[in-house]
Structure formats: structure tokens, C-alpha cells
Amino acid sequence: MSDQIKFIVDNLNKEPFRKNYNLITFDSLEPMQLLQVLSDVLAEIDPKQVVDIREEMPEQTAKRMLSLLGILKYKPPGNATDMSNFRQGLVIGSKPVIYPVLHWLLQRTNELKKRAYLARFLIKLEVPSEFLQDETVADTNKQYEDLMEAFKTLHKECEQLKTFGFSTAEIRRDISAMEEEKDQLIKRVERLKKRVETVQNHQRMLKIARQLRVEKEREEFLAQQKQEQKNQLFHAVQRLQRIQNQLKSMRHAAADAKPESLMKRLEEEIKFNSYMVTEKFPKELENKKKELHFLQKVVSEPAMGHSDLLELESKINEINTQISQLIEKKMMRNEPIEGKLSLYRQQASIISRKKEAKAEELQEAKEKLANLEREVSAKTNQTREFDGTEVLKGDEFKRYVSKLRSKSTVFKKKHQIIAEFKAEFGLLQRTEELLKQRHKNIQHQLQTIEEKKGISGYSYTQEELERVSALKSEVDEVKGRTLDDMSEMVKRLNSLVSEKKSALAPVIKELRQLRQKCQELTQECDEKKSQYDSCAAGLESNRSKLEQEVRGLREECLQDESRYHYTNCMIKNLEVQLCRATDEMKAYVSSDQQEKRKAIREQYTKNIAEQENLGKKLREKQKAVRESHGPNMKQVKMWRDFEQLMECKKQCFLKQQSQTSIGQVIQEGGEDRLIL
């Protein structure tokens, strides 16, 4: 019991309760406070239970707690009489009742939270049968049951996903590694493109590579088509064998088509149907009813946890062991006559099982045959509705299939040609884009060279000349100027062109030489750049590998350092404890009394003896106080009475002094005299 209370106090002091109890304060709680603690624990499991029991009736509190404990499958110890005592103890807040409940709840808080959450959605509402006669109520009830089943499946999938071992850290590492590989591949593709552009006849080589890829794809497609045709041939052979077997069976049935054989067949069918109706179907119906009753019972109960399943498995194992023991006892007690009968019983049971199995096989075969016949009739009806013609049979169907195959081959060829054209079109578009980009780059380089040489605008002047000539033609066409104006304009333009050509002739010669040098330098630059890229890629891969190795070694070093420091601390602690233990042993073993007195054991024994003596003295005082309690209380009472008597006399004397004196009383010789 003390361990149980200690466990409860430790868990109540932790998150999320934070009660700050110790054993004494928890044991001194009043029943109402203890019930409030139990209500707080239940509220942590089910948030709907957050209630202040001071604002709630005791019967409502007991009903609420009992209903939730029933949902959580808490089983109080004992039988029915103990159950009534349990309810009464829960109402009054009895410690022997509440302590086991708190211990059970705090042991499995997470599991009970899950059970309470599932019970909120899986406890079925019982609707009376007379209300289910209404269609709307029946539909809503059916929707409610469907939603409950959907919740079960979703919860199972959620639990499976939670237990499925994929960590976000591993996924992030994989994503980062894949991104690095992607960047490396992009760089490699760019380097290969640049390298191919420098090679002579690279367009022709690309075309040949493209044709090779297309031929390989075509080869794979033809291999796949060949495999499909082999599979179709195999299925056709199997179909032919089945049809031949059916033909043989039909011929055999037609050969034996006599009244005697038909009567035998009808008698067999009648026997089979009577067996199915009288023996098999009633047994199956009874089994289905039992299964339905069992499933309804299982559904009506709340959801079970892992601990409940373990308990049920243990009970099942115990019952199985008991059954096996009873069977062994029965076999030991059996007489030889009963042993002979058991053989016949076994044979009869085996024959009945075989009979049931064959009946089931026959029933399945009949069902398959009926389903196939229905499918055939449905397909024929569909074809008649669509086309208005009957289903093809025999040679017509073969000819139709051969036509379809020839058309399909033609279609595949055309589709393949279209795919080749599309691929070629994509490549041509890409080459056009590359040429445009290259043209832009060349124009930009030409402009930069012209600016360096101080002849900027040469290409622009050519463009301007072309533009002016275009404008000239347009103006001539639109305005229709006279021939004189046109000749003057031509002369002027020719003079301008000749002037520009004469001015640009030496520059053009220098530009040609510079273009040759530029081509040579660009080739050398491309070669050096390709070499640099390959070297940089190799160094980058080596660097990444070395960085990973360094990270791993650093992590191992840090782990070893932490282990080293931890072991050093543990060794120092153990050394201190060992020194204290050796000093204690030396002091305890030594013959010197002073050293013995310094020992911790001696100090504790001395303290224990002093406390025992103090306890004895206190018990003696308690005994003396108990013995003298009665007489002392009597004496106190007598003193209080005496005090009241003296107070009364005092009051009387004061009253007498306050009254006016009528005469004087003189006491002499035992006589009283009044003198007026």
C-alpha cells in the first residue's frame, strides 16, 4: 500500500498535475479533496470531465466517474457485493477505493487517453426498434454506422502511418543529396554541350545519335509487341483446349441422352438440392446467426486496448489448457466399446465433412456457370443495342479479328512515324533557339570589338544603309517621285556609301585579322575552360567526400570526448565513495574508541539510542498524563467552582457596602447587637 501511495504522489507531482504533495499531506486529504484529485486525473484523460465537484451533486459525481471508468474498462476487485461497496466508497470518497483507481489510471494514462478518444466516436447509440420503422431515422442510423466504420478504417491507417518508420531527417538528407546530384548533372550536361559545340560536324553526329536512340526505342517496342503476341497465342491455345473439352463433354452428354440417364441426373440433382435445403443451409444459417450475435456483442462493447487483448489471450490459453486436460481425462476413462464407436464416429464425421466440401464445390461451380451465362447474355444484348446486329461467330469473327490486327499494325506504324516527326521538330526548334542565341552573342562581341578599335557603328551603318534603301524603295513606291529626284537621291546615297566605304576600308582589313585571332583565342579558351571544368568537378567531388569524412570523424571525436569526461566523473565519484567506505571501515575496525566514535555507524547508532530513550520518556510522560488526567480534571472543576463562589461573595460584599447604613451591628461575645 505504501508503494502504491508513493507511486501516486510521484505522478501527481509531475506534469501536467503539479500538485506538490508528499506522503503525509496526501494521506491527510479529506474525502472531498480526494474525489477532486480523482476528477482532475479523469479530466486529464477525458477533457469533458473538467468539473468542480463542490458545484456538483454527489450522485452525479459518482455516476459520471462510474460511466467513464466503465468506458475505460476498469475492473474493481471482488464480486457483486464488492461492486456495491465500491460504488458506496466512490460516493463517500473512501481511500481504500480511490487509491487503487488512481494507481490504475496513472499507470496507463496514454493508453486510456486513446481509449477515451475512441470511445467518443465508437460507442454506438442504441435506437429502439419502433423508431427504426421510420425511413428517415433508419437512413440516418445507417449513415451513422457507415461513418463509424469509416472512422475505424481511417484510425487504423493513421496508426499504421505513425508506426511506419520514415524519419524526416532521413528524407531531408535524401532530398539534399538528390539536389546535389541534380546540380552536378546539370553542370555536366552544360560542359558536354559546350564540348560538343566545338567538335566539327556535331550536328551530323547528333542526328546519328538521335536515329540510334529512335531505333533502340523501336527495338524495345517490337520486343514488347512480340511478347504480347506470344501471350495472346498462349491464351488462344488455352481457350482452344477449353473449347475442345467442352465439345467432348457435350458430345458425351448427347450420346448418353437416354431416359434412364436423364432420370439418374434428375435424381442426383434432387438429392443434392434436398441435402442443401435440409442439412447444409440450416447449419450455415445457424452459424451466421451465431456470428451475427457475436459481432453485435463485440460492436456494443467499447474499444479494447493492448492490455485487454493480452488478458483475453491469457484467458483463452487457460481455457484451452483446461479443455486439453478434460479431453485427456475423458480418453483415459473411455472403455474399449466406446473406443470402437469413436472410430466409427470419426469416419462418419470425415465423410460428412467431405460431403459438405463437395457440396460447396458443386455450388460454387453452379454459381460460376450461372454468372458466366448471365455475362454472355448481357454482352449479346449490349452488342444488339449498339449495332443492331448479332454477335459474330466462327470464321466471321476470325476475319474481323484479322482485320483489326492489320489496322492496329498500320496505326502503330503511323503513330511511330508521327512520334519521330515530333522528336525531329523538337530538335529543330532547339537548334533554331541555339543559333539565335549564338547570333546575338556574336553581334554583342562584334560591337565590343568595334568599340575597342574605335570604329563603333560600322555594323550599325550597314544596317542604316539597308534601312535607308528600304525607306527609299517605300518612298518611291508611295509618293512616286520623279526620276530626277530619284537620280539625285541615288547619287547622294552613292556618294555617301563610297565615302563610308573609303573611310572604313582600312578598319575592315584590321577587323578581319582580329576576327581570325578571336576565333583562335576562343578555341583555346574553350579547351582551357573544359579542362578547368573537368578538374574543378573532380576536385569538388573529392572535397565533398573529404568534408563528409571530416564531419564523421569530428562527431566520433566529440562522442569519445563526452564518454571520456563522463567516465572520469564516474570514476571520481566512485573514488570518493570508496575513500569514505575505507575510512568508515578503518574507524569501525580500529581499537581506538575516539576513532570509533567518529564513525558514521556509531553516530547513527548513538542518535538511534538517544531517540529511543527520548521516545521511552515521552511514552512514560504520556502514561502519567493519562493516569492523572481524571483527578486533575476533577480538581480543575473544583477550583472553578471555588472561584465562582468567591466571586459571588465578592459581589455580595460590594452590594452590602453600597447600601445606606440604617444602623450599626456590633459583635461581642458571640452576640450581635443593632444600635440605631
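Residues numbered from 1 in each chain as written. Predicted model: local features only at pLDDT ≥ 70, side-chain atom pairs only at ≥ 80, totals over all residues. Heavy atoms only, no water.

## Side note on the overall build of the protein chain
The helix and strand tally for the protein chain stands at 18 helices and two strands. If you take every contact in the protein chain between residues at least 6 apart in sequence, the share linking residues at least 24 apart comes to 58%. Surface summary for the protein chain: the accessible area is close to 57400 Å², and the carbon and sulfur share equals 57%. (Helix = DSSP H or I, 4+ residues; strand = E, 2+ residues; numbered from the N terminus. Contact = heavy atoms within 4.5 Å. Areas by Shrake-Rupley, 256 points an atom, 1.4 Å probe, with all protein chains shown as cover.)

## What about helix α4 (residues 58-71)?
Spanning 14 residues, α4 covers 20 Å between terminal C-alpha atoms, matching the ideal 20 Å at 1.5 Å per step. Where α4 is concerned, the buried positions are Thr61, Ala62, Arg64, Met65, Leu68 and Leu69. For α4, the buried positions fall inside an angular range of 165 degrees around the axis, keeping them on one side. Away from the buried face of α4 by more than 90 degrees, exposed residues Glu59 and Lys63 are located. Remark: Lys73 follows α4 within two positions and exhibits a positive phi of approximately 65 degrees. (Expected span 1.5 Å × (residues − 1). Buried < 20%, exposed > 50% of the residue type's maximum accessible area, 1.4 Å probe, protein only. Arc of directions from axis to C-beta.)

## Examining the pattern of salt bridges
Counting across every chain of the model gives 11 salt bridges. Linking Arg115 and Glu111 is a salt bridge whose minimum nitrogen-to-oxygen distance equals 3.2 Å. Of this pair, Arg115 and Glu111 both sit in helix α7 (residues 109-122), separated by four residues, roughly a single helical turn. Take Arg115: its relative accessible area is 5%, and that puts it in the buried class. With its nearest N and O atoms 3.8 Å apart, the salt bridge here joins Arg563 to Asp560. Here the residue Arg563 and the residue Asp560 both occupy positions in helix α16 (residues 483-589), the gap between them amounting to three residues, near one helical turn. Residue classification places Arg563 among the exposed positions, given a relative accessible area of 53%. The exposure class assigned to Asp560 is partly exposed, which follows from its relative accessible area of 43%. Via salt bridges that share partners, Glu540, Arg543, Glu547 and Arg551 belong to a single interconnected network. (Salt bridge = Lys/Arg side-chain N within 4 Å of Asp/Glu carboxyl O.)

## Side note on the side chain of Ser39
With respect to the helices and strands, the residue Ser39 is situated in helix α3 (residues 31-45). The exposure class of Ser39 is buried, given its relative accessible area of 1%. Discounting chain neighbours no more than four positions away, the residues touching Ser39 are Gln49, Val51, Ile53, Arg64 and Met65.

## Considering a negative patch on the surface
A contiguous patch of negative charge, built from Glu197, Glu520, Glu524, Asp526 and Glu527, is present on the exposed surface. Sort the elements by how many residues they give to the negative patch and α16 lands first, with four residues. As for its position among the elements, Glu527 is in helix α16. Assessed through its relative accessible area of 51%, Glu527 is described here as exposed. (Patch = residues over 30% accessible without salt bridge, like charges linked within 9 Å, V, L, I, M, F, W, Y side chains within 5 Å. Lys, Arg positive; Asp, Glu negative; His and termini not counted. Charge placed at Lys NZ, Arg CZ, Asp CG, Glu CD.)

## A closer look at a nonpolar patch on the surface
Taken together, the side chains of Trp639, Phe642, Leu645 and Met646 present a nonpolar region at the surface, about 440 Å² in accessible area. Mapped onto the elements, Phe642 comes out in helix α18 (residues 600-658). For Phe642, a relative accessible area of 43% corresponds to the partly exposed category.

## What about the environment of Asp533?
Tracing the backbone shows Asp533 in helix α16. In the structure, Asp533 is positioned 342 residues away from Arg191 in sequence and 7.4 Å away in space, judged by C-alpha atoms.

## A short note on the confidence of the model for the protein chain
When the pLDDT values of the protein chain are averaged, the result is 79; 84% of them are 70 or greater. Element-level pLDDT for the protein chain is lowest in strand β1 (residues 664-668), with a mean of 58, against a maximum mean of 88 in α18. (pLDDT = per-residue confidence, 0-100.)

## As for helix α6 (residues 95-107)
With 13 residues, α6 should cover 18 Å at 1.5 Å per step; its first-to-last C-alpha distance of 18 Å lies within 8% of that length. Those residues of α6 not exposed but buried are Val97, Ile98, Tyr99, Val101, Leu102, His103, Trp104, Leu105 and Leu106.

## What about the nonpolar core?
Formed by 32 residues in total, the largest nonpolar core has its most connected members in Leu12, Phe26, Leu38, Leu72, Leu102 and Leu105. For this core, the secondary structure elements donating two or more residues are α1 (2-13), α3, α4, α5 (80-92), α6 and α7. When residues in this core are grouped by element, the largest group, eight residues, is from α6. Excluding residues within four positions of it along the chain, Leu12 makes contact with Phe17, Arg18, Lys19, Tyr21, Phe26, Val37, Val41 and Leu106. (Core = buried A, V, L, I, M, F, W, Y, C linked by side-chain atoms within 4.5 Å.)

## Some remarks on the packing of α1 against α6
Two quantities define a packed helix pair, namely the angle between the helix axes and the distance between the axes. The interhelical angle for the contact between α1 and α6, taken along N-to-C directions, is 55 degrees, at an axis separation of 10 Å. The pairing of α1 with α6 is recorded here as oblique in orientation. Read as a crossing pair, α1 and α6 show a hand that is left-handed. Touching Gln4, Ile5, Phe7, Ile8, Asn11 and Leu12 of α1 are Tyr99, Pro100, Leu102, His103, Leu106 and Gln107, all from α6. (Axes fitted to C-alpha atoms, helices over the stretch in contact; angles between N-to-C directions. Parallel < 35°, antiparallel > 145°, perpendicular 65-115°, else oblique. Left-handed = near helix turned anticlockwise from the far one by under 90°.)

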